[in-house]
Amino acid sequence: MCVFDARPRDLGWEFRPLESAVRLHPGEQREVFFRATNQTAETVTGTATFNVTPAKTGIYFGKLQCFCFNEQQLKPGESRDMGVVFFVDPDLLTDPNTSDVHTITLSYTMFRAHQPDVRMRRPARRPTASAVN
């Protein structure tokens, strides 16, 4: 079984999985969706990090497509369903270190993407004639 968890952090979004858990067989490819809703009055760009637990299962969890590969921009009040396509490698079943694992949790944290402050940028300085020689 795979369980899903989502947390928004400091971006004014609601962010949650549309399904809290799915059953799948190792090797089976599956797609699940997470919904993000911008609850602010401004356009916000978010980015997600993920974690797989128990940690010893991380090497067997493969993501083929994921919203976390790219930044997500939502306008005020906009919602988006974002998918992740994944599988659990069948080798998980033959690893003695994972024989006690019956549930894998995929957790995402969505936070504001770093936006450079344009006001702080300075134009590149061109070398003067005396600096060239």
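All of these numbers come straight from a predicted model, not from anything done at the bench.

K.L.:
Which parts of the structure should I look at to understand the sheet that holds strand 7 (residues 72-74)?
P.N.:
Sheets are built from strands that pair by backbone hydrogen bonding, the pairs being arranged parallel or antiparallel. Taking strand neighbours across the sheet as the criterion, the 5 strands line up as 3-1-9-5-7 in an open arrangement whose pairing is mixed. Of all strands in the sheet, those with a lone pairing partner are strand 3 (21-22) and strand 7, marking the two edges. When strand 1 (residues 2-9) meets strand 9 (residues 104-112), the two strands line up parallel, connected through 8 bridges. Bridge pairing in strand 9 links Pro8 to Met110.

K.L.:
Just to check I follow, could you spell out the sheet that holds strand 4 (residues 30-38) for this structure?
P.N.:
Reading across from one edge, 2-4-8-6 is the order of the 4 strands in this open sheet, with antiparallel pairing throughout. A single partner strand is all that each edge strand has here, and the edge strands are strand 2 (13-17) and strand 6 (61-66). Each strand axis lies, on average, 25 degrees off the axis of its neighbour in the sheet, ignoring direction. Relative to strand 8 (residues 79-88), strand 6 runs antiparallel, the two sharing 5 bridges. What sits directly across from Phe61, in strand 8, is Val88.

Rules of the game
Residues numbered from 1 in each chain as written. Predicted model: local features only at pLDDT ≥ 70, side-chain atom pairs only at ≥ 80, totals over all residues. Heavy atoms only, no water. Pairing = 2+ DSSP bridges. Helix = DSSP H or I, 4+ residues; strand = E, 2+ residues; numbered from the N terminus. Axes fitted to C-alpha atoms, helices over the stretch in contact; angles between N-to-C directions.

The values are spatial; any link to function lies outside them.
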